[in-house]
Amino acid sequence: MLRKGSDGICTKCGGKMVTLMESESNVNGFKHVRYVSKCRSCNDVNVIEELIIRRRGQHVEIMVKK
Ligand SMILES: [Zn+2]
């Protein structure tokens, strides 16, 4: 996939994509972190990477989902 600079260009409408980090905490210590590319014009979302962060006592486990 061709990319210009750090932000991509939307494949659907040619608009500018911005990179966002979304995170949500779940019960029992899980945390979901998602890096997405989002188009400002048509709101098309592309998941770049998805992480699950889990706290285990003194350690923090990071699992890469994608
Ligand atoms: Zn678009």
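About the thresholds
By convention here, each chain's residues receive numbers from 1 onward along its written sequence. Where totals are concerned, whole chains, interfaces and linings use all residues; where local detail is concerned, this predicted model gives features only for residues with pLDDT of at least 70, and gives and counts side-chain atom pairs only at 80 or more. A run of DSSP states H or I qualifies as a helix once it reaches four residues; a run of E qualifies as a strand once it reaches two. Both are numbered from the N-terminal end. Here a residue counts as buried when 20 or more other C-beta atoms sit within 10 Å of its C-beta, as exposed when there are 12 or fewer, and as partly exposed otherwise, the C-beta atoms being derived from the backbone. Contact between residues is assigned whenever the C-beta positions, reconstructed from backbone atoms, fall within 7 Å. By this definition, two strands are paired if DSSP reports at least two bridges between them. Only the stretch in contact is used when a helix axis is fitted, and all axes are lines through C-alpha atoms; the angle between N-to-C directions ranges over 0 to 180 degrees.

Asks: Looking at this structure, how should I read the overall build of the protein?
Replies: Within the protein, the secondary structure is distributed over zero helices and four strands. When the helices and strands of the protein are read in sequence order from the N terminus, they spell out β-β-β-β. Classification of the 66 residues of the protein by burial places 3% in the buried group.

Asks: Is there a simple way to explain the environment of Val 33 in this structure?
Replies: In this fold, Val 33 is placed in strand 2 (residues 30-39). With sequence-adjacent residues up to four places away left out, Val 33 is seen in contact with Met 21, Ser 23, Leu 51 and Ile 53.

Asks: What exactly am I supposed to notice about the pairing of strand 4 (residues 59-64) here?
Replies: Both faces of the sheet carry side chains from a regular strand, because those side chains alternate between them. Along strand 4, only zero of the six residues are buried, which leaves the element largely exposed. Relative to strand 4, strand 3 (residues 45-56) runs antiparallel, the two being bridged by six bridges. Bridge pairing links Ile 53 to Ile 62 in strand 4. Following strand 3, the chain reverses through two residues before pairing antiparallel with strand 4; Gly 57 in that reversal takes a positive phi of roughly 65°.

Asks: Sorry if this is basic, but what is going on with the sheet that holds strand 3 here?
Replies: Strand pairing in a sheet takes place through backbone hydrogen bonds and is either antiparallel or parallel in direction. Across the sheet, which stays open at both edges, the four strands sit in the order 1-2-3-4 with antiparallel pairing between neighbours. Both outer strands of the open sheet, strand 1 (17-25) and strand 4, are each paired with one neighbouring strand and no more. Across the sheet, the axes of successive neighbouring strands diverge by a mean angle of 20°, strand direction being ignored.

Asks: I'm lost on the pairing of strand 3 in this one. Help?
Replies: Here strand 2 runs beside strand 3; their pairing, made up of nine bridges, is antiparallel. Bridging across to strand 3, His 32 finds its partner in Ile 52. The antiparallel pairing of strand 2 with strand 3 creates a hairpin that spans five residues between the two strands, and Asn 43 there sits at a positive phi of about 65°.

Asks: Before we go on, may I ask you to explain unusual backbone geometry in this structure?
Replies: Phi is mostly negative for residues that are not glycine, and the peptide bonds are mostly trans. Non-glycine residue Asn 43 carries a positive phi angle of around 65°. Mapped onto the elements, Asn 43 comes out in the loop between strand 2 and strand 3.

Asks: Looking at this structure, I do not really get the environment of Val 18. What am I missing?
Replies: With respect to the helices, strands and loops of the structure, Val 18 is situated in strand 1. For the pair Val 18 and Lys 38, spaced 20 residues apart in sequence, the C-alpha to C-alpha distance is 5.3 Å.

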